[in-house]
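The lines below spell out each chain.
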Amino acid sequence: MENKHLVGAVVSLLTDPRKRLTVKKYLKRIYYCEEIGDGDKKMLAFFERELIPIPLN
């Protein structure tokens, strides 16, 4: 199974599209992301179905 979002890609949450995340790792079907502008740099874990790509302008 291929990952849909590449490491370094900017994505947002399906439930909160205003929240911007950067994909840091992809391991065993889980995306580990950091919120853009978060000073703590906490890693958040999401499944592919929870993330949506942000189109490039």
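Keep in mind it's a predicted model, so treat the numbers as computed, not measured.

A separate point is the sheet that holds strand β5 (residues 51–53). With respect to topology, 5 strands assemble into an open sheet ordered β4-β3-β2-β1-β5, the strand pairing being antiparallel. Each having just a single partner strand, β4 (43–46) and β5 make up the two edges of the open sheet. The average angle at which neighbouring strand axes cross in this sheet is 50°, direction not considered. In the sheet, strand β1 (residues 10–13) pairs with strand β2 (residues 20–27) via 3 bridges, with the strands oriented antiparallel. By the bridge assignment, V10 is partnered in β2 with T22.

Conventions we followed
Residues numbered from 1 in each chain as written. Predicted model: local features only at pLDDT ≥ 70, side-chain atom pairs only at ≥ 80, totals over all residues. Heavy atoms only, no water. Pairing = 2+ DSSP bridges. Helix = DSSP H or I, 4+ residues; strand = E, 2+ residues; numbered from the N terminus. Axes fitted to C-alpha atoms, helices over the stretch in contact; angles between N-to-C directions.

All we've got here are geometric facts, nothing functional implied.
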